Amino acid sequence: MKKEKKGVPTDAELEILQVLWRHKGATVREVYDIISQRKKCAYTSTLKIMQNMTAKGLVKRTVKDQVHTYVAAVEEVKVRNSQVKELIDKFFKGSYSQLALHALGQSSKGENLDELLELVNKLKKEKK
């Protein structure tokens, strides 16, 4: 079995992190209740994943009046940037522009082109 890199969230961990980022912390029960509205899952599995996340340093746990509350120990933007960089390295040989071209080629909405042009113009102004 392939050993996971420390600190890199799995899909299940990422789903839990998204709940914690949105709610600024939660108990296992609260995380389970939110996720189970979207898909079938078990409370014990949610608990075990969150315990593993604590060991990996992805979340921190505090105990107050016998209530265990978890908060994300990693910033959303850092995780997103890391995941996007990994995707770009894996599929686009490190080329951000190839990713953008691929994404635009998959889109059927002209509004994406307008958004991209606005972003490019904004970035050009910031570089000056």
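Look above for the structure.
Residues numbered from 1 in each chain as written. Predicted model: local features only at pLDDT ≥ 70, side-chain atom pairs only at ≥ 80, totals over all residues. Heavy atoms only, no water.

Participant: I'd love a proper account of the packing of helix α1 (residues 11–23) against helix α3 (residues 43–56), names of residues and values included.
Facilitator: Packing of α1 against α3 brings their axes to within 10 Å, and their N-to-C directions diverge by 90°. In terms of their interaxial angle, α1 and α3 are classed as roughly perpendicular. Taken together, the residues of α3 that come into contact with α1 (itself represented by Ala-12, Glu-13, Ile-16 and Leu-17) are Thr-46, Ile-49, Met-50, Met-53 and Lys-56. Within the contact of α1 with α3, the residues separate by chemical class into six nonpolar, one polar and two charged. (Axes fitted to C-alpha atoms, helices over the stretch in contact; angles between N-to-C directions. Helix = DSSP H or I, 4+ residues; strand = E, 2+ residues; numbered from the N terminus. Parallel < 35°, antiparallel > 145°, perpendicular 65-115°, else oblique. Contact = heavy atoms within 4.5 Å. Nonpolar A, V, L, I, M, F, W, Y, C, P; charged D, E, K, R; others polar.)

Participant: Explain α3 to me, and be specific about the residues and the numbers.
Facilitator: End to end, α3 covers 20 Å across 14 residues, agreeing with the expected 20 Å (1.5 Å per residue, within 8%). Of all the positions in α3, only Thr-46, Met-50, Met-53 and Lys-56 are classed as buried. Down the axis of α3, the sector holding all buried residues measures 115°, keeping them to one side. In α3, the exposed positions that point more than 90 degrees away from the buried face belong to Thr-44 and Ala-55. Buried residues belonging to α3 abut α1, α2 (28–38), β1 (59–64) and β2 (67–72). (Expected span 1.5 Å × (residues − 1). Buried < 20%, exposed > 50% of the residue type's maximum accessible area, 1.4 Å probe, protein only. Arc of directions from axis to C-beta.)

Participant: Account for the nonpolar core, naming residues and giving values.
Facilitator: By size, the foremost hydrophobic cluster in this structure holds 16 residues, and its most contacted members are Ile-16, Leu-20, Val-31, Met-50, Met-53, Val-59 and Tyr-70. For this core, the leading source of residues is α1, giving five residues. The contacts of Ile-16, once residues within four sequence positions are left out, are Val-31, Ile-35, Thr-46, Ile-49, Met-50 and Met-53. (Core = buried A, V, L, I, M, F, W, Y, C linked by side-chain atoms within 4.5 Å.)

Participant: Before we move on, could you go through the pattern of salt bridges and cite the residues and values that matter?
Facilitator: Tallying each qualifying case throughout the model produces eight salt bridges. Among the ionic pairs, Glu-13 bridges to Lys-56, the shortest N-O distance being 2.9 Å. In this pair, Glu-13 sits in helix α1 while Lys-56 sits in helix α3, placing the two residues 43 residues apart along the sequence. For the pair shown, Glu-13 and Lys-56 are each scored as buried. Between Glu-76 and Arg-80 there is a salt bridge, with the nearest N and O atoms lying 3.3 Å from each other. With Glu-76 and Arg-80 both in helix α4 (residues 76–92) and four residues apart, this pair spans about one turn of that helix. The exposure class assigned to Glu-76 is partly exposed, which follows from its relative accessible area of 36%. Among the residues examined, Arg-80 registers a relative accessible area of 44% and is labelled partly exposed. (Salt bridge = Lys/Arg side-chain N within 4 Å of Asp/Glu carboxyl O.)

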